[in-house]
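Here is what each chain is made of, one letter per residue.
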Amino acid sequence: MAARTLSALPISTSTFPSPSKNNNRNPILPSPSSLSLPANHRKPNPLASSLLGDPAPLSSLRAPTTPLFPRPSLPRSAAVVFSMLPTTKVEGASTEKIPKWSASAIKSFSMAELEARKLKYPNTGTEALLMGILIEGTNEAAKFLRANGITLFRVREETAKLLGKSDMYFFSPEHPPLTEPAQRALDWGVDEKLKSGGKGEITTTHLLLGIWSEKDSAGHKILASLGFDDYKANELVKVCQ
């Protein structure tokens, strides 16, 4: 069927002249130029023309150097945000006089928020701050806790015993708000640094002592159940000085 359809189509012989009788062995073949489109109907191909010797340079194919979406520059005040944690003790004070938290303390706080979300708790409590210190792991407070047998696994276990497990269908907010004891623990660290003259950074050691200062908080109860006491807290106080 396909053969019959093709045979019915007219075939032009203007491009392929019939060979003469004297030149049967060497038929005239069409030249490439006769089969190509006229120059005014051809679409320019910059890549092909550059490879075939066209004067168009390859540099014309390069992407523009100016970015389409330039990255906005952060204001100078943004650096202050990353060196502070939520506190109620320095409201109205100039940023130059506000004690700065250490990088490990800020990371511990971020890990505490993440741990509260993993446990599906609606708030970031002192127990989450305690776990954040241990998750960060490289700070002096975490090393002191591990040296005294207080590990992340044991703290998680005691947290589940004390507070129970949250509803599996509950979705914690991206930044679980601080409980009042957790906020006071952060304020305690700022207070202690201000009392000492505000020199240096507020560390995870201040944060751990702030948790211990909240006698009725979950973090204090968990620490006490794992063998932490006032004697060990006094050892940490010497580290802060």
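Given the structure is predicted, the values throughout are model-derived calculations rather than measurements.

What follows is about the overall build of the protein chain. Helix and strand counts for the protein chain come out as 12 helices and zero strands. Moving toward the C terminus, one meets the helices and strands of the protein chain in the order α-α-α-α-α-α-α-α-α-α-α-α. The burial tally for the protein chain puts 31% of its 241 residues in the buried class. Contacts in the protein chain between residues far apart in sequence, at least 24 positions, make up 66% of those at least 6 positions apart. When the accessible surface of the protein chain is totalled, it reaches about 16,500 Å², and 58% of it is carbon and sulfur.

For the rest of this paragraph, the subject is the confidence of the model for the protein chain. Regions with low pLDDT should not have their predicted coordinates read in detail. For the protein chain, the average pLDDT comes to 75, and 61% of its residues sit at 70 or higher. Per-residue pLDDT stays below 50 along residues 1–9; that stretch engages in zero contacts with residues further than four places along the chain or on separate chains. Segment residues 72–82: pLDDT under 50, and two contacts once partners within four positions in sequence are set aside and those in other chains are kept.

Counted at 1.5 Å a residue, the expected span for helix α8 (residues 152–163) with its 12 residues is 16 Å, and the 16 Å between its end C-alpha atoms agrees. Regarding α8, the residues found buried are Val 155, Glu 158 and Thr 159. Along the long axis of α8, the arc covered by the buried residues comes to 105°, so they all point the same way. Projecting away from the buried face of α8 at angles above 90 degrees are the exposed residues Phe 153 and Lys 161. The secondary structure elements touched by the buried residues of α8 are α6 (126–136) and α11 (218–225). Of the residues flanking the end of α8, it is Gly 164, one or two places downstream, whose phi is positive at about 75°.

With that settled, the discussion passes to the pattern of salt bridges. Where charged atoms of side chains with opposite charge meet at close range, the side chains can pair. Counted under the stated rule, the structure contains seven salt bridges. Between Glu 115 and Arg 156 there is a salt bridge, and its shortest N-O distance comes to 2.8 Å. With Glu 115 in helix α5 (residues 103–118) and Arg 156 in helix α8, this pair connects stretches of sequence that are 41 residues apart. The salt bridge partner of Arg 184 is Glu 180, with a shortest N-O separation of 3.9 Å. Linking Arg 184 with Glu 180, this pair stays in helix α9 (residues 180–195), spanning four residues, or about one helical turn.

With that out of the way, let us pick up the packing of α9 against helix α10 (residues 204–213). Between α9 and α10, the shortest axis-to-axis distance is 7 Å and the interhelical angle comes to 120°. Considered as vectors, α9 and α10 are oriented oblique to each other. Relative to α10, α9 is oriented so that their crossing is right-handed. Residue-level contacts link Ala 185, Leu 186, Trp 188, Gly 189, Glu 192 and Lys 193 of α9 to His 206, Leu 207, Leu 209, Gly 210, Ile 211 and Ser 213 of α10.

Criteria and thresholds
Residues numbered from 1 in each chain as written. Predicted model: local features only at pLDDT ≥ 70, side-chain atom pairs only at ≥ 80, totals over all residues. Heavy atoms only, no water. Helix = DSSP H or I, 4+ residues; strand = E, 2+ residues; numbered from the N terminus. Buried < 20%, exposed > 50% of the residue type's maximum accessible area, 1.4 Å probe, protein only. Contact = heavy atoms within 4.5 Å. Areas by Shrake-Rupley, 256 points an atom, 1.4 Å probe, with all protein chains shown as cover. pLDDT = per-residue confidence, 0-100. Expected span 1.5 Å × (residues − 1). Arc of directions from axis to C-beta. Salt bridge = Lys/Arg side-chain N within 4 Å of Asp/Glu carboxyl O. Axes fitted to C-alpha atoms, helices over the stretch in contact; angles between N-to-C directions. Parallel < 35°, antiparallel > 145°, perpendicular 65-115°, else oblique. Left-handed = near helix turned anticlockwise from the far one by under 90°.

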